[in-house]
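Here are the chains, one letter per residue:
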Amino acid sequence: MASTPSVDQKKELITRNLQEYLGDDKLTAILKERDLKIYWGTATTGKPHVAYFVPMSKIADFLRAGCEVTILFADLHAYLDNMKAPWSLLELRTQYYEAAIKAMLKSIGVPIEKLKFVKGTDYQLSKEYTLDVYKLTSVVTQHDAKKAGAEVVKQVEYPLLSGLLYPGLQALDEEYLKVDAQFGGVDQRKIFTFAEKYLPQLGYEKRIHLMNPMVPGLAGGKMSSSEEDSKIDLLDTPAGVKKKLKKAFCEPGNIEDNGLLSFVKHVIFSLFKDGEGFVVSRKPEFGGDVTFTTYQELETSFAKEELHPGDFKLAVETYINRLLDPIRAEFNTPELKALSAKAYPPPAKETAKKGAPAAAEPVEDGPHRLDIRVGKIVEVSKHPDADSLYVEKIDLGEAVPRTIVSGLAKWIPIEQMENRLVAVLCNLKPAKMRGVESQGMVLCASAAEAVEPLKIPSGVAPGDRITVDGYKGTPDVQLNPKKKVWEKLQADLKTNANGEATWQDNFLVTSDGQKILAALQNCSIK
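The structure reproduced in this document is the subject of the present report. (Residues numbered from 1 in each chain as written. Predicted model: local features only at pLDDT ≥ 70, side-chain atom pairs only at ≥ 80, totals over all residues. Heavy atoms only, no water.)

Across its full length, the protein carries 16 helices and 22 strands. Taking 526 residues into account, the globule formula puts the C-alpha radius of gyration at 24 Å, and the protein, at 25 Å, falls close to it. For the protein, the spread of C-alpha atoms along the principal axes amounts to about 80 × 70 × 45 Å. Burial status across the protein gives 51% buried among its 526 residues. When contacts within the protein are restricted to residue pairs at least 6 apart in sequence, those whose partners lie at least 24 apart make up 72%. Looking at the protein as shown, the accessible area adds up to about 25,300 Å², and 52% of this sits on carbon and sulfur atoms. Computed over 69 positive and 72 negative side-chain charges, the separation of the two mean positions in the protein equals 3 Å. (Helix = DSSP H or I, 4+ residues; strand = E, 2+ residues; numbered from the N terminus. Rg over C-alpha atoms; globule rule 2.2 N^0.38 Å. Buried < 20%, exposed > 50% of the residue type's maximum accessible area, 1.4 Å probe, protein only. Contact = heavy atoms within 4.5 Å. Areas by Shrake-Rupley, 256 points an atom, 1.4 Å probe, with all protein chains shown as cover. Lys, Arg positive; Asp, Glu negative; His and termini not counted. Charge placed at Lys NZ, Arg CZ, Asp CG, Glu CD.)

Moving on, we come to the packing of helix H11 (residues 259–271) against helix H13 (residues 309–330). One can describe the packing of H11 onto H13 by two numbers: an axis separation of 11 Å at closest approach and a directional angle of 45°. When the axis of H11 is compared with that of H13, the two are oblique. The hand of the H11/H13 crossing is left-handed. Side by side, H11 and H13 meet where Leu 260, Leu 261, Phe 263, Val 264, Val 267, Ile 268 and Leu 271 of the first sit next to Phe 312, Lys 313, Val 316, Tyr 319, Ile 320 and Leu 323 of the second. Here the residues of the contact of H11 with H13 are counted per class, giving 12 nonpolar, no polar and 1 charged. (Axes fitted to C-alpha atoms, helices over the stretch in contact; angles between N-to-C directions. Parallel < 35°, antiparallel > 145°, perpendicular 65-115°, else oblique. Left-handed = near helix turned anticlockwise from the far one by under 90°. Nonpolar A, V, L, I, M, F, W, Y, C, P; charged D, E, K, R; others polar.)

What follows concerns helix H10 (residues 238–247). The α-helix winds at 3.6 residues per turn, so residues separated by three or four positions along the chain end up facing the same way. Inspection of H10 places Gly 240, Val 241, Lys 244 and Leu 245 among the buried residues, and these make up the whole buried set. The buried residues of H10 occupy an angular sector of 125° when projected down its axis, which confines them to one face. Those residues of H10 that are exposed and angled more than 90 degrees off the buried face are Ala 239 and Lys 246. The secondary structure elements touched by the buried residues of H10 are H11 and H13. (Arc of directions from axis to C-beta.)

In terms of nonpolar packing, the biggest core is built from 74 residues, with Leu 36, Phe 53, Ile 59, Phe 278, Leu 298 and Phe 312 touching the most fellow members. Apart from the residues lying within four places of it in its own chain, the contact partners of Ile 59 are Trp 40, Val 69, Ile 71, Leu 105 and Phe 183. By size, the runner-up hydrophobic cluster in this structure holds 26 residues, among which are Leu 443, Leu 454, Ala 501 and Leu 508. (Core = buried A, V, L, I, M, F, W, Y, C linked by side-chain atoms within 4.5 Å.)

Quick look at the pairing of strand S2 (residues 37–42) now. Note that S2 and strand S3 (residues 68–73) share 6 bridges and pair parallel. Within the sheet, the bridge partner assigned to Ile 38 lies in S3 and is Val 69. Running through helix H3 (residues 53–64), the crossover from S2 to the neighbouring parallel element S3 is right-handed. Two elements, S2 and strand S5 (residues 181–185), share 3 bridges in a ladder whose sense is parallel. Along S5, the bridge assignment pairs Trp 40 with Phe 183. (Pairing = 2+ DSSP bridges. Right-handed = clockwise from strand over helix to strand, strands pointing away.)

As a further point, take unusual backbone geometry. Even without being a glycine, Glu 305 presents a positive backbone phi close to 65°. Its location among the elements puts Glu 305 in the loop between helix H12 (295–303) and H13. In this structure, Asn 419 is a non-glycine residue whose phi angle is positive, near 60°. Turning to its location among the elements, Asn 419 is positioned in the loop between helix H15 (414–417) and strand S12 (421–425). Relative accessible area serves as the criterion here: at 54%, Asn 419 is assigned to the exposed category.

So, about the pattern of salt bridges. Between side chains of opposite charge, a pair can form when the charged atoms approach closely. If you walk through the whole model with that rule in mind, you get 26 salt bridges. Here Glu 91 and Lys 119 are joined by a salt bridge, their closest N and O atoms 3.0 Å apart. Of this pair, Glu 91 sits in helix H5 (residues 87–107) while Lys 119 sits in strand S4 (residues 115–119), and the two are 28 residues apart along the sequence. Residue class for Lys 119 comes out partly exposed when judged on its relative accessible area of 23%. Through salt bridges with shared partners, a single ionic network connects Asp 371, Arg 373, Glu 398, Arg 402 and Arg 465. (Salt bridge = Lys/Arg side-chain N within 4 Å of Asp/Glu carboxyl O.)

This brings us to the state of the cysteines. When the sulfur atoms of two cysteines share a covalent bond, that bond is a disulfide. For the structure shown, the criterion picks out 0 disulfides. Cys 444 takes part in no disulfide bond, and the closest cysteine sulfur to it belongs to Cys 523, at a distance of 10 Å. A residue is classified by how much of its surface remains accessible, and Cys 444, at 3% relative accessible area, is buried. A relative accessible area of 9% places Cys 523 in the buried class. (Disulfide = S-S within 2.5 Å.)

Turning our eyes to something else, we now look at the packing of aromatic side chains. Taken as a whole and judged by the stated rule, the model has 19 aromatic pairs. Ring centres of Phe 73 and Tyr 97 lie 6.1 Å apart, and the angle between their planes is 75°; this geometry places the pair in the edge-to-face category. Highlighted residues: Phe 73 in strand S3 and Tyr 97 in helix H5, separated in sequence by 24 residues. Looking at Phe 73, the relative accessible area reads 1%, which means it is buried. Owing to a relative accessible area of 1%, Tyr 97 belongs among the buried residues under this scheme. (Phe/Tyr/Trp six-rings, centres within 6.5 Å; stacked < 30°, edge-to-face > 60°.)

The next thing to look at is the sheet that holds strand S6 (residues 208–212). Strand order in the open sheet made by the 6 strands is S1-S6-S5-S2-S3-S4, with mixed pairing throughout. In this open sheet, the two edge strands, each paired with only one partner strand, are strand S1 (20–22) and S4. The mean angle between the axes of side-by-side strands here comes to 25°, regardless of whether they run parallel or antiparallel.

That is the geometry; function is a separate question.
Here's what the structure looks like:
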């Protein structure tokens, strides 16, 4: 390709590997006059991991096409996410994100002169922006706001107002960042069409929207959850990468929902120069080394089971380590090591034997604070004063069963409740429900038209602790209702597409590492 790409070449770079984009005519017209201005936003919450190379590979395409790219660190959005992290921590995480993203782009050899970073709070608290938010609330219906965020905002029976505001805030970002286009996942399509509808009503122009496909995680749906390191971190050692890839789901011939294949397609192949191919090293008795010059050749070979998952994983391991080596080197400095430790401190440690706190500073809320245990319902009856409630006696491995009141009479026949194993939140403050004191809560997957208690795997006894993979610590003796600890943590409890119970995408597991499951997918747990 020439040093200065043509309009067609720029457009090809900008749109390749996208699932969809809106505004083709406008895109072509702008490219004929000048370089495109694009923004991509990310909330500074969880620690960036290797899957971030998927959007980074597209940002690399944008930069190679001469685009001016703005990366928005949505710190205000992160703060509004149930206010789980204080501003001091969000500032550190913003610094970490910027350092990580720069290191990732350097790792894949992308010039970053036309890349800039902006924090949401740089302009989202201004008088002008705030007035536009109020203007939007005067023209946007509750129905449209909820519909726009349906794919990216937690859908609950009683949504927080912040979730209804998110689509409007994201739409206004396009105007205040003065961009031509917004880039994101196809799960944000409804927000993009929301912006196209409502920005013109405020006198602002409609933007171009570029959408990446939803790429499954490297682990697919079947990676072991018993390990703390369920995702490949940008700073994982080569040994850590090998360990995680070894456990990654990669069934012979299965090209559906295959995170490894998707990563190779959207990241590795997008980085190849002309004539370069994906090399798989094999022993001579297994066919010897083979090079795939196109992704389709690789996928076809895997589908026909000509390429063994073990050989494929070893090749992916090699390419991932090539990507991570420069990042590991970049972060191997006292400054960035200290930043990493402060931005993502380890889960709270157990308090000292004498009861003294482990640290003087307050610790961020985490799921280790929840006392969730396996319980067995040994007796159940209808509440004497409420047809919708059950009164249950539940064995939690304590001296006597606890009395717990559950609103399950509408959903589960009483005979299906008897002798059932359930997950119980045990450290809520006891509360009277229609005159009967409830000493805990049976956790259920909850959708609009169905409620189902979480499933307990076989071989687990009453009283067994259920924890979130990767989080260790001593639960609170009792959750403080005034601090709304449960409400904040519950917002991130949900089931995924495989019916696995998670907190912020980390699995809920028993003491022996078995996953907690549910009959309902993609819904909240409460």
